Amino acid sequence: KGGKIMKKQYIELLKGRRSRYALKKESPLSKEEIISLIEEVTKHTPSAFNSQSGRLVALFDKAHEDFWDLTKEEIRAGLYKAVLGGEIAPVLVGSSLNNIGVNTLLEMMIEYLPNPTDLKAYVGKDRSGNDLERLTKVEEPFSAYVFKTVFDQYKGVTNYVKVISGVLNTGDEIYVPELNNSFRVSQMFSLLGQKQTPINKAISGDIIALAKLDNVTTGHTLCDKNNVIVYPKAKYPTIVYRRAIRAKNGKDDEKLIQSLYKVSAEDPTIEIVRVPETKQLLLGGLSDSHLNFILEKVKNSFGFEALTEPQQVIYRETVKKEASAVGRYVKQSGGSGFYGVVEMRFLPSGSDENVFTEEIFGGTVPKNYHPAVEKGFFESVQQGLLAGFPVIGLKGVLFDGKYHSVDSNEQAFRMAAILAYKEAYMKCAPTLLEPIMKISVNITNEWTGNIMNDLNQRRARVLSMDEKGYGIQEIVALVPEAELLDYAIKLRVLSQGSGYFNSEFDSYQEVPQNL
């Protein structure tokens, strides 16, 4: 996008040459030609990058006089050191379809990407949680990190592993701290695309594949059992889009779930959850296209077709007032019966936690029955009487009651507590709570207005807007979960595919009366 002059060519300063795509050939350039081309490129640079192109001219004007006095080896050494320190990153142009830039890519990988022995020490944790370092050297104890897991219905599970330190041989025993289990290495491969070549030895810095490691998956650490280390797991985008799924053939529900778990071993951004309140099986991912890809893979690999439905939001109930009630559970018909009477007070607990306390003076309710009353209370709050959702933020206080020396038992007092709860609940001014999510939206500045307008329509409360550099804006907001069910799709439309967001649960808040 640099204008006509650079549309089908690029300059390699170090090699003093220009590569022309259309002609598929390279030609040498003089110092004067290189400077002229850089200045010409900046004239045709799109306005969105004017500030960056201006910096390029300024930097080059300042440095080009000294640049030509350095040897190529000195320049390469300086660039290599900067890449190693994370100060700069190589950026390449090319086309794999037209075989353009492939050789340059391979050359730059050799010349500028870090040699494993030059890497700084990897930091993990020992058994006690203390920091522990490992250098990428064969003299160090063996350790490795599983960065990718692949499932094949014929080959089974294969783990792609980066050997961080030490040496691994076929037949060695390796330890997986996260599973507290050891495995014998029976099969080890080097990789070249899809081709796997059996090998017997791998050293620090190697990338290999290991097979037949049950339950080992992406993010796990492999190490020497006598020198345990656990490396931190990579951070992945949060789940932002969910759909309820069920097998098209009702008899295949369990088989579908098992198939999904096998596929999810390959992708840490897949979530499979059964929601007790709604009985829905939720499949979570990064977008609708992500979920469609997963379900299509399950269909093609295992033959199970799934139907999708909208996710049901899980609300909560709470109370705003205090109320008291008597719970009386008495059944006496000769012989051993049931007798339990409690007087309880119900009020807001002041937090999201449900709390039970007792204020019994004397022996109106013997202490050995208090746990039964508590059990009845916590059973009751599993279902509110307003809309049937679980109750949070409720405090139950047992302050009086009666018992019978023969007929009282734990079952009677448990049932009495449940009856007291049912009697008092609607007098406590119950209300519905909705889950509120904290989202972080990253978009380019040109789409900020669209995103803000859309968030306002979703009852969002914007907490902050920060410039992240390179024209990227981060918007942090609190939004009801019910308003986010389709947000992954909407954001992609509003930002023309350039925006993304992460979300996490924040709190429960009262549903507005107008809704």
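For the structure given in this document, a descriptive report is provided here. Each chain has its residues counted from 1, running along the sequence as written. For this predicted model, a pLDDT threshold of at least 70 governs which residues receive local features, and a threshold of 80 or more governs which side-chain atom pairs are given and counted, while totals over whole chains, interfaces and linings are taken from all residues. The basis for every side-chain value is the complete set of non-hydrogen atoms in the structure, without hydrogens or water.

The next thing to look at is the overall build of the protein. Summing up its helical and strand segments, the protein has 10 helices and 28 strands in all. Under the scheme applied here, a residue whose accessible area is under 20% of the maximum for its type counts as buried, over 50% as exposed, and between as partly exposed, the area being computed with a 1.4 Å probe on protein chains only. With 515 residues in all, the protein has 40% of them scored as buried. Relative to all contacts within the protein whose residues are 6 or more apart in sequence, the contacts with residues 24 or more apart total 69%. Note on areas: Shrake-Rupley, 1.4 Å probe, and residue coverage restricted to the protein chains presented here. Only carbon and sulfur atoms are counted for the fraction: they give 51% of the accessible area of the protein, which is about 29100 Å². Strands here are runs of E lasting at least two residues and helices are runs of H or I lasting at least four, both read from the DSSP assignment and numbered beginning at the N terminus. Contacts are assigned to residue pairs with any non-hydrogen atoms lying within 4.5 Å of each other.

Relative to the assigned elements, Ser495 resides in the loop between helix 10 (487–494) and strand 28 (500–510). Residue class for Ser495 comes out buried when judged on its relative accessible area of 1%. Here a polar contact means two N or O atoms within 3.5 Å. Within protein one must be a hydrogen donor candidate and the other an acceptor candidate, and residues neighboring in sequence count only if both atoms are side-chain atoms. Polar contacts involving the side chain of Ser495 include one to the main-chain carbonyl oxygen of Leu491, which spans 2.7 Å. Apart from the residues within four sequence positions on either side, Ser495 is in contact with Ile443 and Trp447.

Now for the pairing of strand 6 (residues 143–152). Both strand 6 and strand 7 (residues 156–165) contribute to a ladder of 9 bridges, which runs antiparallel. Among the inter-strand pairings, Ala144 is bridged to a residue of strand 7, identified as Val163. Between strand 6 and the antiparallel strand that follows it, strand 7, lie 3 residues. Pairs of strands are assigned from DSSP output, requiring at least two bridges between the strands. As defined by bridge partners, strand 6 adjoins strand 15 (residues 221–223) across 3 bridges and the pair is classed as antiparallel. For Tyr145, the partnering residue across the bridge sits in strand 15 and is Thr221.

Turning our eyes to something else, we now look at the packing of aromatic side chains. Any two aromatic rings considered together are summarised by their centre-to-centre distance and by the angle between their planes. Centres within 6.5 Å make a pair out of two Phe, Tyr or Trp rings, where for Trp the six-membered ring is used; the pair is then stacked when the planes are under 30 degrees apart, edge-to-face when over 60, and tilted otherwise. This model, assessed by the stated rule, comprises 13 aromatic pairs. Centre to centre, the rings of Tyr421 and Tyr425 are 5.3 Å apart; their planes meet at 45 degrees, and the pair counts as tilted. With a relative accessible area of 2%, Tyr425 lands in the buried category. Each member of the aromatic cluster is reached from another via a ring pair, and the members are Phe346, Phe356, Phe377, Phe378, Tyr421 and Tyr425.

This part covers the nonpolar core. Each nonpolar core is a collection of buried residues, namely Ala, Val, Leu, Ile, Met, Phe, Trp, Tyr and Cys, held together in the definition by side-chain atoms within 4.5 Å. The biggest cluster of nonpolar side chains holds 35 residues, and the ones touching the most others in it are Leu260, Leu283, Ile439, Val441, Ile451 and Tyr487. Only strand 16 (241–247), helix 5 (253–264), strand 18 (281–285), helix 6 (288–302), strand 25 (430–444), helix 9 (448–457), strand 27 (472–480) and helix 10 provide two or more residues apiece to this core. Apart from the residues within four sequence positions on either side, Ile451 is in contact with Val441, Ile443, Ile475, Tyr487, Leu491 and Leu494. Judged by nonpolar contacts, the second largest core, of 27 residues, contains Phe377, Phe413, Ala416 and Tyr421.

Before going further, it helps to examine empty space enclosed by the protein. Using a grid of 1 Å spacing that covers the protein atoms alone, one calls a set of points a cavity when a 1.4 Å probe fits there but cannot get out, and a pocket when the set is open and has protein on both sides within 12 Å along at least five of seven lines; lining residues are those with an atom within 4 Å of a point. Grid points are joined across faces, edges and corners, and a volume is the space filled by probe spheres set on the points. Tallied over the full model, the rule gives 1 cavity of 30 Å³ or more. In terms of lining, the largest cavity is formed by Ile239, Val240, Tyr241, Arg242, Gln311, Met437, Glu481, Leu484, Leu485, Phe501 and Ser503. Residue composition of the lining of the largest cavity, by class: 7 nonpolar, 2 polar and 2 charged. Note that Gly is not counted as nonpolar here; it falls among the polar residues with everything else outside the nonpolar set of Ala, Val, Leu, Ile, Met, Phe, Trp, Tyr, Cys and Pro and the charged set of Asp, Glu, Lys and Arg.

For the rest of this paragraph, the subject is the packing of helix 9 against helix 10. Axes here mean lines fitted to C-alpha atoms, for a helix over just the part in contact, with angles spanning 0 to 180 degrees between N-to-C directions. Remark: helix 9 packs on helix 10, axes separated minimally by 10 Å, with the N-to-C direction vectors making an angle of 150 degrees. Put simply, helix 9 runs roughly antiparallel to helix 10. The chirality of how helix 9 crosses helix 10 is right-handed. Contacts between helix 9 and helix 10 involve Asn450, Ile451, Asp454 and Leu455 from the first element and Tyr487, Lys490, Leu491 and Leu494 from the second. The residue makeup of the contact of helix 9 with helix 10, split by class, is 5 nonpolar, 1 polar and 2 charged. Every angle not falling under 35 degrees, over 145, or within 65 to 115 is termed oblique; those three ranges are roughly parallel, roughly antiparallel and roughly perpendicular. Helix crossings fall into two classes, left-handed where the near helix is turned counterclockwise from the far one by less than a right angle and right-handed where it is turned clockwise.

Before going further, it helps to spend a moment on the pattern of salt bridges. One side-chain nitrogen of Lys or Arg within 4 Å of one carboxyl oxygen of Asp or Glu is enough to make a salt bridge. For the structure shown, the criterion picks out 19 salt bridges. A salt bridge links Arg242 to Glu271; its shortest N-O distance comes to 2.8 Å. Of this pair, Arg242 sits in strand 16 while Glu271 sits in strand 17 (residues 271–274), placing them 29 residues apart in sequence. A salt bridge links Lys468 to Glu474; its shortest N-O distance comes to 3.6 Å.

Candidate patch residues must exceed 30% relative accessible area and have no salt bridge, after which like charges are joined if within 9 Å and Val, Leu, Ile, Met, Phe, Trp or Tyr side chains if within 5 Å. On the surface, Leu92, Val102, Leu105, Leu106, Met109 and Leu113 cluster together into a nonpolar patch covering about 450 Å² of accessible area. Here Met109 shows up in helix 4 (residues 102–112).

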